[in-house]
Amino acid sequence: MKAHDAMYIGGRWRPAAGQDTIAVVNPADEQVIGHVPAGTAEDVDTAVRAARDAFTGWAATPPAERAAKIGALRDVLVARKDEIAETVTAELGAPLGFSQMVHAGVPILVAGSYAELAATYSFEEKVGNSTVLLEPVGVVGAITPWNYPLHQIVAKVAPALAAGCTVVLKPAEDTPLTAQLFAEAVDEAGIPAGVFNLVTGLGPVAGQALAEHEGVDLVSFTGSTAVGKQIGATAGAAVKRVALELGGKSANVILPSADLAKAVGVGIANVMGNSGQTCSAWTRMLVHEDQYDEAVATAAAAVAKYTVGDRVGPLVNAKQQARVRGYIEKGVEEGARVVAGGPEAPLDKGYYVAPTVFADVTPEMTIAQEEIFGPVVSILKYTDEAEALRIANGTVYGLAGAVWAADDAEAVAFARRMDTGQVDINGGRFNPLAPFGGYKQSGVGRELGSHGLSEYLQTKSLQF
Ligand code: NAD
């Protein structure tokens with residue numbers, strides 16, 4: 001895909017207000033693969049106006065017609081799925097197979113789910129002598145990260161459009177080509193001008209201008225906790241709706257009755273996918289003391305199969321690589337034991353980090369508390385279920401998790417006591433309709449399915 005030297009605003013590609021550009025780098029070989037415009041507050045303002053102009057018409061479009069447009073968008077994504085996968089691989093570095101299955105596959109599923117939901121969702125309900133109208137919130141400012149570049153966009157734009165909102169997107173600076181490809185798909189799908197607008201640019205410039213813009217009614221942000229807090233404060237001061245999907249430090253709880261080899265193997269795969277750059281990754285593995293040594297050996301053997309450059313891609317950029325290697329060094333300093341990997345870069349070129357497993361990790365260590373966002377697993381020991389629960393719930397985060405036991409009922413009993421937004425029971429499958437989002441500092445609001453759609457609606461009650 002060739003980079004556009006323009007913004008997609010009001011249904012056409014138009015030059016940015018300024019001259020600055022952002023270089024897009026392939027993290028596998030450190031080569032520049034394109035440049036996109038670095039948008040400013042002026043571009044954001046133009047895009048928000050276009051979204052505002054389009055809002056009344058799109059909000060009044062019957063839901064079945066909005067559904068048909070989202071369905072057409074899904075069809076374009078299907079037709080262009082190979083190009084999507086190649087683009088994500090080029091700018092994020094994910095292995096091509098993973099890009100095809102996950103980075104292209106999941107957004108297609110999610111777009112399809114919203115094409116269906118928009119057509120079937122009840123935008124009106126009766127409560128006693130009232131009719132409650134569920135109306136679109138208005139103009140949405142969407143700010144997305146680079147780790148699942150297309151999924152994060154579709155998980156905001158599809159429900160917003162289904163609800164009748166219009167959108168201005170500011171994608172991550174590391175992965176703008178995928179966002180440009182998405183804008184092309186929106187255009188090809190015949191979605192009316194101004195309903196979706198794209199402004200590429202830097203977070204503290206274009207992102208901040210979008211979050212602060214008074215013409216934006218709802219800000220939906222996914223990314224770091226630090227920026228999320230700032231956006232939450234800005235939105236709060238303006239009495240503006242906000243949805244925040246922030247970090248995680250999810251626990252993979254392996255109860256003594258579980259199939260240990262399977263639980264450890266799936267747990268390692270869960271973290272290694274996307275080089276650990278997954279907010280819901282199960283980065284803390286919790287194992288009973290009697291099975292601890294066996295689990296550590298199994299984990300080390302499992303990680304050895306994740307060859308760098310082949311099954312595990314690079315991190316997105318040099319900064320993330322340095323950050324993750326810093327965490328690995330910190331783990332060693334604080335007394336954790338490296339059983340696989342370590343801080344040294346495994347290849348001379350590319351922003352790779354060695355798949356790493358730490359044993360003897362205790363709950364207060366930095367690597368057991370902070371989001372590392374790399375291929376690093378910490379294995380912690382517990383003596384009984386009460387301690388496992390204390391450890392599982394003992395971080396500021398609560399995004400996801402897993403529980404393994406001999407039967408589902410035992411795992412569910414534990415999962416009910418976890419302070420977290422999603423739990424996979426005995427390796428449960430991804431469900432694109434299940435609400436996704438955090439307890440505690442993992443965020444505010446939910447994405448996906450009907451819960452994700454309702455984030456973009458506000459209620460009006462008519463009494464009779
Ligand atoms: P980030 O929060 O800086 O970036 C996310 C998005 O926010 C990008 O589009 C960025 O341009 C924008 N942004 C940055 N500063 C902004 C500001 N002041 N106002 C408005 N928008 C702004 O994240 P990062 O620096 O790319 O990654 C750092 C860490 O964040 C990672 O190591 C990881 O721990 C976490 N992270 C989490 C997720 C997630 O899915 N929850 C995704 C990416 C990163």
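Residues numbered from 1 in each chain as written. Predicted model: local features only at pLDDT ≥ 70, side-chain atom pairs only at ≥ 80, totals over all residues. Heavy atoms only, no water.

Per an unreviewed UniProt entry, the recorded name for the chain is Aldehyde dehydrogenase, and the organism is Streptomyces agglomeratus. Under the Sequence similarities (unreviewed entry) heading, UniProt states for the chain: "Belongs to the aldehyde dehydrogenase family." (UniProt positions renumbered as here; feature names shortened; annotations may be inferred.)

Turning next to the overall build of the chain. The helix and strand inventory of the chain stands at 15 helices and 20 strands. Taking 464 residues into account, the globule formula puts the C-alpha radius of gyration at 23 Å, and the chain, at 22 Å, falls close to it. Counting only residues that meet the buried cut, the chain has 56% of its 464 residues in that class. Carbon and sulfur atoms form 52% of the exposed surface of the chain, whose accessible area is close to 17,900 Å². For the chain, the distance from the average site of its 35 positive side-chain charges to the average site of its 52 negative ones is 3 Å. (Helix = DSSP H or I, 4+ residues; strand = E, 2+ residues; numbered from the N terminus. Rg over C-alpha atoms; globule rule 2.2 N^0.38 Å. Buried < 20%, exposed > 50% of the residue type's maximum accessible area, 1.4 Å probe, protein only. Areas by Shrake-Rupley, 256 points an atom, 1.4 Å probe, with all protein chains shown as cover. Lys, Arg positive; Asp, Glu negative; His and termini not counted. Charge placed at Lys NZ, Arg CZ, Asp CG, Glu CD.)

What follows covers the site of the ligand. The environment of the ligand is made up of 28 residues, and the closest members are Trp-146, Lys-170, Glu-173, Ser-224 and Arg-323. A distance of 2.8 Å separates an oxygen atom of the ligand from a polar atom in the backbone of Thr-144. Between the ligand and Glu-173 there is a distance of 2.5 Å, counted from an oxygen atom to a side-chain nitrogen or oxygen. Sorting the residues of the shell around the ligand by element identifies helix H7 (203-212), strand S10 (218-222), helix H8 (225-237) and helix H11 (318-333) as the ones contributing at least two each. If you tally residues by element for the shell around the ligand, the top one is H7, at 4 residues. (Near = heavy atom within 4 Å. Polar contact = N/O pair within 3.5 Å; in protein donor to acceptor, adjacent residues only side chain to side chain.)

Turning to the sheet that holds strand S6 (residues 130-136), a few remarks are in order. What the 3 strands build is an open sheet, ordered S5-S6-S20; its pairing is antiparallel. The open sheet is flanked by strand S5 (124-127) and strand S20 (457-463), the only strands paired with a single partner. Between one strand axis and the next, the sheet turns by 25° as a mean value, whatever way the strands run. As paired elements, S5 and S6 share 4 bridges and run antiparallel to each other. When the bridges of S6 are listed, Glu-125 appears paired with Val-132. (Pairing = 2+ DSSP bridges. Axes fitted to C-alpha atoms, helices over the stretch in contact; angles between N-to-C directions.)

A separate point is a negative patch on the surface. Taken together, the side chains of Glu-329, Glu-333, Glu-334, Glu-344, Glu-364 and Glu-370 make up a negatively charged region of the molecular surface. In this structure, Glu-329 sits in helix H11. For Glu-329, a relative accessible area of 41% gives the class partly exposed. (Patch = residues over 30% accessible without salt bridge, like charges linked within 9 Å, V, L, I, M, F, W, Y side chains within 5 Å. Salt bridge = Lys/Arg side-chain N within 4 Å of Asp/Glu carboxyl O.)

Turning our eyes to something else, we now look at the packing of aromatic side chains. Applying the stated criterion across every chain yields a total of 5 aromatic pairs. Ring centres 5.6 Å apart and planes at 80° place the aromatic pair Trp-146 and Phe-373 in the edge-to-face group. Taken together, the residues Trp-146 in the loop between strand S7 (139-143) and helix H5 (149-163) and Phe-373 in the loop between helix H12 (366-369) and strand S16 (376-382) connect sequence positions 227 residues apart. Ring centres of Phe-182 and Phe-196 lie 5.1 Å apart, and the angle between their planes is 85°; on these two criteria the pair is classed as edge-to-face. Linking Phe-182 in helix H6 (residues 176-188) with Phe-196 in strand S9 (residues 196-198), this pair joins segments that are 14 residues apart in sequence. Taken together, the ring pairs connect Tyr-8, Trp-13, Phe-182 and Phe-196 into an aromatic cluster. Positioned over the ring face of Phe-123 is Arg-66, at 5.4 Å from the centre of the ring. Looking at Lys-381, its charged tip hangs above the ring of Tyr-292, at a distance of 4.8 Å from the centre. (Phe/Tyr/Trp six-rings, centres within 6.5 Å; stacked < 30°, edge-to-face > 60°. Lys NZ or Arg CZ within 6 Å of the ring centre and 35° of its normal.)

A separate point is the packing of helix H9 (residues 260-272) against helix H10 (residues 292-304). Here H9 crosses H10 at 45°, and the two axes come no closer than 9 Å. Considered as vectors, H9 and H10 are oriented oblique to each other. Between H9 and H10 lies a crossing whose hand is right-handed. Residues Leu-260, Ala-261, Val-264, Ile-268 and Met-272 of H9 form the contact with H10, whose own contacting residues are Glu-294, Ala-295, Thr-298, Ala-299, Ala-302 and Val-303. (Parallel < 35°, antiparallel > 145°, perpendicular 65-115°, else oblique. Left-handed = near helix turned anticlockwise from the far one by under 90°. Contact = heavy atoms within 4.5 Å.)

Below, the discussion takes up the UniProt feature "active site" (unreviewed entry) in the chain. According to UniProt, the "active site" (unreviewed entry) feature falls on Glu-245. By the secondary structure assignment, Glu-245 is in strand S11 (residues 241-245). In this structure Glu-245 comes out as buried when scored by relative accessible area, which is 4%.

What follows covers the domain arrangement of the chain. Splitting the chain by domain gives domain 1 (7-246 + 442-463) and domain 2 (251-432). Just the C-alpha atoms count here: the centres of domain 1 and domain 2 sit 30 Å apart. If you look at the interface, domain 1 gives 26 residues, while domain 2 gives 25 residues. At the boundary of domain 1 with domain 2, total buried surface from both sides reaches about 2,100 Å², with 58% on carbon and sulfur atoms. Connecting domain 1 to domain 2 are 0 salt bridges. Counting every contact that joins domain 1 to domain 2 gives 10 residue pairs in polar contact (both at pLDDT 80 or more). (Domains from an automatic or database assignment. Buried area = accessible area lost by both parts, 1.4 Å probe.)

In the case of a regular strand, side chains alternate between the two sheet surfaces. Along strand S13 (residues 284-288), 5 of the 5 residues are buried, which leaves the element largely enclosed by surrounding structure. Burial along S13 is two-sided: Arg-284, Leu-286 and His-288 facing one way and Met-285 and Val-287 facing the other are all buried. In terms of strand pairing, strand S12 (residues 251-254) meets S13 through 4 bridges, oriented parallel. Opposite Val-253, over in S13, you have Leu-286 as the bridge partner. Both S13 and S16 contribute to a ladder of 5 bridges, which runs parallel. Considered in S16, the bridge of Met-285 is made with Ile-379.

Although it is not a glycine, Ser-275 adopts a positive phi angle of roughly 55°. Inspection of the secondary structure assignment puts Ser-275 in the loop between H9 and S13. A relative accessible area of 4% places Ser-275 in the buried class. Residue Phe-373 is not a glycine yet carries a positive backbone phi of 65°.

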